Amino acid sequence: MIAVHFGAGNIGRGFIGKLLADSGYETVFVDINEALIDAINEKQSYNVYYAEQEKRSFNVSAIRGLHSVKDEEEIIDVIIHADLVTTAVGAHILPHIAPLIAKGLTQRVSQSEQPLNVIACENAIGGSDQLKSAVAEHLDNQTTDTVERLIGFPNAAVDRIVPDQNQENLLDVLVEPFFEWAVDKKSIKGSIPPVQDVHFVEDLEAYIERKLFTVNTGHALAAYHGYQAGKQTIQDALLDQKVKEKVLQGLKETGRLICEKHGFDPDDHQLYIEKIIERFTNPYLTDEVTRVARQPVKKLGYNERLVSPVRQLMARNVVPEGLLNGIVAALRYDFPEDSEAVELQEKIQSYGVKKAFSQISGLEENGQIVEEISAK
Ligand SMILES: NC(=O)C1=CN([C@@H]2O[C@H](COP(=O)(O)OP(=O)(O)OC[C@H]3O[C@@H](n4cnc5c(N)ncnc54)[C@H](O)[C@@H]3O)[C@@H](O)[C@H]2O)C=CC1
Ligand SMILES: O=P(O)(O)OC[C@H]1O[C@](O)(CO)[C@@H](O)[C@@H]1O
């Protein structure tokens, strides 16, 4: 079994690559980072370490690497023969890898009727749908119909905290022991050769909103409030009671939405929140506030972890003060090494908070949410 995985970064190697190897796949990593690809081809294996007292280690082998620009022909060839295609590049990168995936799929469907599934493992609602739309822009009409018939783009929710790495061996990855990978059952074409521990679910929206609005919203709140409080790591941020209370306030608000909308049991959801706070504070991980806060422009988007639950709660006549305060903290994020933080601050300087936030979030400039934010 051959899997092509785009993005040999933290999640690519530390999560998806490990599960694919555990399931008996040969994994072809595609990445734009030449040093990573060279190391994969030279070493042909790496270790995944668990952030826990025992520090269990797992060897990942049967891997090779291809460079997304230099090895285009080989990537197309491997897509023709693949049993599964996955990505973990960042949702904003999906449009950049779409042309290459489109070329691979065009050649594949012209010579084979074998179905294939392409799963975007990104922190985004409808990540695979986004990739499918981007791929469709590079297909001719006839190929679009055949791709529609043979190629599935099931959405997925992926959950594992993999911080930035500081390993001696470039490829090794330290990850939290917990992980969850849920894939939308209904969009699968043909079948996916088994991948260990993947859940195929009927109602992905409930899973993904529960995950995104708890793990990612909670992490974002800890990062933006932690940054304002001068904390270096998420672990330190959550040791500050004031920051922790702000995180818990926001999670209480998203919890209300998730339970009301998707019917999760409030007591079970409270345990889910507690488990997540425990994961954030894992003492065997060092997770920089600036990693979790990265790309504030993306994170303030319309369907993202802060604005989406605020929109949905306001539509239910609830004013979520904790989440609104989280947005305010995000709008103040000015880490100079994050190009989106620089862009955000420049926008605010040029247009003022109201207009800048409205442009970034896609919310109406004179709407209630933008008014609430600018009044804070
Ligand atoms: N790190 C984490 O804890 C989690 C991350 N995620 C999601 O997983 C995705 C990846 O995140 P990370 O692995 O943390 O990021 P990362 O930055 O470690 O990995 C991304 C990889 O994509 C590669 N890449 C960028 N442009 C490319 C291109 N045009 N072609 C091929 N490869 C390209 C980069 O070189 C890098 O190796 C994101 O969508 C993130 O939201 C989801 C759950 C947890
Ligand atoms: O910033 P992105 O692209 O969402 O990816 C990093 C994310 O990974 C996580 O650590 C775990 O999902 C998030 O909380 C964090 O925001």
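Thresholds applied
- Residues numbered from 1 in each chain as written.
- Chains lettered and ligands numbered in written order.
- Predicted model: local features only at pLDDT ≥ 70, side-chain atom pairs only at ≥ 80, totals over all residues.
- Heavy atoms only, no water.
- pLDDT = per-residue confidence, 0-100.
- Buried < 20%, exposed > 50% of the residue type's maximum accessible area, 1.4 Å probe, protein only.
- Helix = DSSP H or I, 4+ residues; strand = E, 2+ residues; numbered from the N terminus.
- Pairing = 2+ DSSP bridges.
- Right-handed = clockwise from strand over helix to strand, strands pointing away.
- Contact = heavy atoms within 4.5 Å.
- Axes fitted to C-alpha atoms, helices over the stretch in contact; angles between N-to-C directions.
- Near = heavy atom within 4 Å.
- Polar contact = N/O pair within 3.5 Å; in protein donor to acceptor, adjacent residues only side chain to side chain.
- Areas by Shrake-Rupley, 256 points an atom, 1.4 Å probe, with all protein chains shown as cover.
- Domains from an automatic or database assignment.
- Salt bridge = Lys/Arg side-chain N within 4 Å of Asp/Glu carboxyl O.
- Nonpolar A, V, L, I, M, F, W, Y, C, P; charged D, E, K, R; others polar.
- Arc of directions from axis to C-beta.
- Expected span 1.5 Å × (residues − 1).
- Bend = angle between axes of the 7 residues up to and from the residue.

*Asks:* Is there a simple way to explain the confidence of the model for the protein in this structure?
*Replies:* Close inspection of predicted coordinates is inappropriate in any region flagged by low pLDDT. Per-residue confidence for the protein averages 97 on the pLDDT scale, and 100% of its residues sit at or above 70. Taken together, the chains of this predicted complex give a pTM of 0.94 and an interface ipTM of 0.97.

*Asks:* Where do I start with the pairing of strand β1 (residues 2–6) in this structure?
*Replies:* Look at any regular strand and the pattern is simple: side chains alternate between the two faces of the sheet. Across the 5 residues that make up β1, a large majority, 4, are buried. Two elements, β1 and strand β2 (residues 26–31), share 5 bridges in a ladder whose sense is parallel. Within β2, the position partnered with His5 by the bridge is Phe29. A crossover connection joins β1 to the parallel β2 through helix α1 (residues 10–22); in handedness this β-α-β unit is right-handed. Of the strand pairs in this sheet, β1 and strand β6 (residues 84–87) are connected by 4 bridges, and their pairing is parallel. Within the sheet, the bridge partner assigned to Val4 lies in β6 and is Val85.

*Asks:* How should the sheet that holds strand β8 (residues 151–152) be read in this particular structure?
*Replies:* Pairing between sheet strands relies on hydrogen bonds along the backbone, with the strands arranged either parallel or antiparallel. Pairing is parallel across the open sheet formed by 6 strands, whose spatial order is β5-β2-β1-β6-β7-β8. Both outer strands of the open sheet, β5 (63–67) and β8, are each paired with one neighbouring strand and no more. Judged from the 2 bridges that link them, strand β7 (residues 116–120) and β8 form a sheet pairing that is parallel. Across the sheet, the residue bridging to Asn117 is Gly152, located in β8. Taken strand by strand, α1 contacts β1, β2 and β6, and its axis lies near 155° from that of β2.

*Asks:* Would you take a moment to explain the site of ligand 2 for this structure?
*Replies:* Asn123, Lys211, Asn216, His219, Arg291, Val292, Arg294, Lys298, Lys299 and Arg305 make up every residue found near ligand 2. Here an oxygen atom of ligand 2 sits 2.9 Å away from a polar atom, N or O, in the side chain of Asn123. Measuring from an oxygen atom of ligand 2, one finds a side-chain N or O atom of Arg291 at 2.7 Å. Starting from 380 Å² of accessible surface for ligand 2 in isolation, the protein chains cover 92%. Examining the composition of the shell around ligand 2, we find that 3 residues originate from one element, helix α7 (residues 204–228), more than from any other.

*Asks:* Explain the domain arrangement of the protein to me, please; I cannot follow it from the model alone.
*Replies:* Size of an interface: often given as the accessible area lost when the parts come together. Structurally, the protein comprises domain 1 (2–202) and domain 2 (205–375). For domain 1 versus domain 2, the separation of C-alpha centres amounts to 27 Å. Taken together, the contact pairs 24 residues of domain 1 with 25 residues of domain 2. Put simply, domain 1 and domain 2 have 2 salt bridges between them. Note that Arg279 and Asp159 form a salt bridge whose closest N and O atoms lie 2.8 Å from each other. When residues of the side of domain 1 that touches domain 2 are traced back to their parent elements, those giving at least two are β9 (156–159), β10 (173–175) and β11 (180–184). Class assignment for the residues of the side of domain 1 that touches domain 2 results in 15 nonpolar, 3 polar and 6 charged.

*Asks:* Even after reading the chapter, I still don't get the site of ligand 1, so can you show me in this structure?
*Replies:* Lining the immediate environment of ligand 1, one finds 26 residues, of which Asn10, Ile11, Asp31, Glu122 and Val162 sit closest. Taking Ser68, its side chain carries an N or O atom lying 3.4 Å from a nitrogen atom of ligand 1. Side-chain polar atom of Arg291 to a nitrogen atom of ligand 1: 3.2 Å apart, as the coordinates give it. Its free accessible area being 820 Å², ligand 1 has 85% of it covered by the protein chains. In the shell around ligand 1, the residues fall into 14 nonpolar, 7 polar and 5 charged.

*Asks:* When you look at the environment of Gly326 in this model, what are you seeing that I'm missing?
*Replies:* Residue position: Gly326 is located in helix α14 (residues 321–331). The sequence separation of Gly326 and Gly14 amounts to 312 residues, and the corresponding C-alpha distance is 29 Å. Other than its neighbours up to four places away in sequence, Gly326 contacts Leu221, Tyr224, His225 and Leu306.

*Asks:* What should I look at first to understand the sheet that holds strand β12 (residues 198–201) in this one?
*Replies:* Strands sit in the order β9-β11-β12 across an open sheet of 3 strands; the sheet is mixed. Looking at strand neighbours, the two that pair on one side only are β9 and β12, the edges of this open sheet. Strand-to-strand twist in this sheet, taken as the mean axis angle between neighbours without regard to direction, amounts to 20°. Bridge count for β9 against β11 is 4 bridges, and the pairing is antiparallel. Following the sheet pairing, Ala157 is matched in β11 by Ala182. Running at roughly 70° to β11, α1 makes contact with β9 and β11 of the sheet. Contacts from α7 reach β9, β11 and β12, with the element oriented near 35° to β9.

*Asks:* I would appreciate a short explanation of helix α2 (residues 34–43) in the present structure.
*Replies:* The α-helix winds at 3.6 residues per turn, so residues separated by three or four positions along the chain end up facing the same way. Inspection of α2 places Leu36, Ile37, Ala39 and Ile40 among the buried residues, and these make up the whole buried set. Viewed end-on, α2 has its buried residues packed into an arc of 160°, placing them on one side of the element. Looking at the buried residues of α2, the elements they touch are α1, β2 and β5. Two or three places before Ala35, at the start of α2, stands the capping residue Asn33, its side-chain oxygen 3.0 Å from that residue's backbone nitrogen. Following α2 by one or two positions, Gln44 has its phi on the positive side, about 55°.

*Asks:* For this particular structure, what's the right way to read α1?
*Replies:* The terminal C-alpha atoms of α1 lie 17 Å apart, and with 13 residues this matches the ideal 18 Å at 1.5 Å per residue to within 8%. Considering bend angle alone, the principal kink of α1 is centred on Ile16 and spans about 35°. In terms of burial, α1 is largely enclosed, as 11 of its 13 residues are buried. Restricting attention to buried positions, one finds in α1 the residues Asn10, Gly12, Arg13, Gly14, Phe15, Ile16, Gly17, Lys18, Leu19, Leu20 and Ala21. Downstream of α1 by a residue or two, Gly24 has a phi angle that is positive, lying close to 90°.

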